[in-house]
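# Fold and geometry: a report
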Amino acid sequence: MSRTDVRRLGARAVRVRVVPGAVEALRARLAAEPLPGQRELVPGGETITVLFDGARSAGEAERILSAMEPPEPRVADGPLVEIGVVYDGEDLRDVAELLGTDPAGVVRMHTERSWHVGFLGFAPGFAYLRSAEPGPEIARRSSPRVRVPAGSVGLAGEYSAVYPRTSPGGWQLIGRTEAELWSLDRDPPALLVPGARVRFTAVRERIVVPEAPAPPDPGPAPTSGLLVRATGLQSLVEDLGRPGLAAIGVTRSGAADRAALRQANRLVGNPEHAAGIENVGGGVELVAVGEQVVAVSGADAELVVEAPDGHWRTVERGRPFALDDGDLLEIGPVTAGLRVVIAVRGGIDVPPVLGSRSTDTLAHLGPGPITAGAVLPVGRAPRTAVGVPETVPAVPDGSRPTVLGVTPGPDAGLFPDGAWEHLLDEEWEVTPQSDRVGVRLTGRPLERFGGEVQSQALVPGAIQVPPSGHPVVFVVDHPTTGGYPVLAVVAEEYLDRLAQLPLGSMVSFADGR
């Protein structure tokens, strides 16, 4: 395995490129004999990305992997999963015409081939299935559909896949199945996992995908909590996320400004991973149900507490303060930064999903966005002292460009000469389309070579460059894999600052090597 096949993806990840048939062999080897500090393995189209517990472990692994002999391609030998399909997809006839056959020929091609899971990405449980037998590559639709129903079976490139939930998509749809690809009641939740073999069978009966069950009865209102009177632009429940699930298509998610959540939790005496509220832009109004202790960090905004009798007082970020039953906390519009983080002693006590109370806006995991009128339950207070006041780190105010340190990405060599310098020299504007998935930038477009790369793992801070030439800097709800080249990666110490970039502000990048 040559040195150029092993490249860093930020501080804690190493990407290894192999021939497509060897991806499963390398994944199996590293799963059986993990490297020191290894935390996750994320297969891609022709890569394995290994995530580590720190930069030192990643550096040592880079040396070990560079010296490792490339694995021989192997035939997947994992469990066999049979999926019954009704072949009546909207694109079946178009695919048949493309292949110079009839719909029955497409069905034979799909059912007679042995498939295996290459990797998962795009959405939780969305498995990219590859066949050992050579076959045609099917072009994606020129115009993606806004809504592809759950259970749809599709083809794109060399892959086949089943959509685990309703979502947008550009794959050619040839059928549908009632197989449940993703279920939180199953361990693991994904039906198809790396290494699994898949056999499609044609069934005659029309399959009806069952509707989602009705949400459970929320039960009586909490006796201790926060009544939400206003949410601002967006308010979410977030903790430190759900690491370790990228291989089944689930990113870590969690608080976008992790340092702000840790600080707010320290101030109220919580463990650092307790769930709090992350709000965009301010405008939050919360009424205490029972006595509460609260702290606010992150973006700068005016904080006012109004008692039921009309008396009011101002409070400060970075200091814990008490709310009596019925007190109203009003958080004004942000004057610097973007995201306000609110912690309450005991933590927001909503049910965890896959070990975390975080809302993942891309994968639709965890609690839904907070709505006005909801009462957020608060857990039992910890047996620790309330923290002492702290200085809240400065956040970008938009008065001058925010500088973020970056290191070259694993695909920097796929860009024309001068692309790295262009990235560093340009001042980029944060567009209103930015969110927890990615900060989208506009400026003088970057040049790039045509085409895409095979889907490969992403990390927070990865700067992907789509054909438009306008960079996208991924944040905490990024997809687990992506198909555009990564020119650079924002250094870890700048990720919290990235999460606080105001919309419309300017940002520039500095060489962080």
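Residues numbered from 1 in each chain as written. Predicted model: local features only at pLDDT ≥ 70, side-chain atom pairs only at ≥ 80, totals over all residues. Heavy atoms only, no water.

As named in an unreviewed UniProt entry, the protein chain is 5-oxoprolinase/urea amidolyase family protein, taken from Tsukamurella conjunctivitidis.

Okay, the sheet that holds strand β3 (residues 38-43) next. Taking strand neighbours across the sheet as the criterion, the four strands line up as β1-β2-β4-β3 in an open arrangement whose pairing is antiparallel. Looking along the sheet, the strands with just one partner apiece sit at the ends: β1 (6-8) and β3. In this sheet, neighbouring strand axes are inclined to one another by 20° on average, regardless of whether the strands run parallel or antiparallel. Note that strand β2 (residues 13-17) and strand β4 (residues 47-52) share five bridges and pair antiparallel. Each bridged residue has a counterpart across the sheet, and for Arg-15 the counterpart in β4 is Thr-49. (Pairing = 2+ DSSP bridges. Helix = DSSP H or I, 4+ residues; strand = E, 2+ residues; numbered from the N terminus. Axes fitted to C-alpha atoms, helices over the stretch in contact; angles between N-to-C directions.)

Here we take up the packing of helix α3 (residues 92-99) against helix α4 (residues 103-112). Interaxial distance between α3 and α4 falls to 8 Å at its minimum, and their mutual angle equals 85°. On the basis of their axis angle, the class for α3 and α4 is roughly perpendicular. Across the interface between the two elements, Leu-92, Arg-93, Val-95, Ala-96 and Leu-99 of α3 pack against Pro-103, Val-106 and Met-109 of α4. Partitioned by chemical class, the residues of the contact of α3 with α4 number seven nonpolar, no polar and one charged. (Parallel < 35°, antiparallel > 145°, perpendicular 65-115°, else oblique. Contact = heavy atoms within 4.5 Å. Nonpolar A, V, L, I, M, F, W, Y, C, P; charged D, E, K, R; others polar.)

Before going further, it helps to spend a moment on the pairing of strand β21 (residues 328-344). Across the 17 residues that make up β21, a large majority, 13, are buried. By the bridge criterion, five bridges tie strand β17 (residues 282-289) to β21 in an arrangement that is antiparallel. Bridge pairing in β21 places Val-284 opposite Ile-331. Where strand β18 (residues 292-306) lies against β21, 11 bridges are found, and the strand directions are antiparallel. In the strand pairing of β21, Glu-306 is matched with Leu-328. (Buried < 20%, exposed > 50% of the residue type's maximum accessible area, 1.4 Å probe, protein only.)

As a further point, take the nonpolar core. Membership of the largest hydrophobic core comes to 32 residues, with the highest contact counts inside it found for Val-117, Leu-129, Ile-174, Leu-192, Val-198 and Phe-200. The residue makeup of this core includes at least three contributed by each of domain 2 (80-202) and domain 3 (225-377). Setting aside its immediate chain neighbours within four residues, Phe-200 contacts Ile-83, Val-85, Tyr-87, His-110, Thr-111, Trp-115, Leu-129, Val-153, Ser-160 and Val-162. Ranked by size, the runner-up nonpolar core spans 27 residues in total, among them Val-237, Leu-329, Val-350 and Leu-376. (Core = buried A, V, L, I, M, F, W, Y, C linked by side-chain atoms within 4.5 Å. Domains from an automatic or database assignment.)

Here the focus is the pattern of salt bridges. Enumeration according to the criterion identifies 26 salt bridges in this entry. Between Arg-39 and Asp-53 there is a salt bridge; the shortest N-O distance is 3.5 Å. In this pair, Arg-39 sits in strand β3 while Asp-53 sits in the loop between β4 and α2 (55-67), placing the two residues 14 residues apart along the sequence. A salt bridge links Glu-316 to Arg-319; the nearest nitrogen and oxygen atoms lie 3.4 Å apart. Look at the salt bridges and you will find they share partners, linking Glu-238, Glu-278, Arg-339, Arg-436 and Asp-477 into a network. (Salt bridge = Lys/Arg side-chain N within 4 Å of Asp/Glu carboxyl O.)

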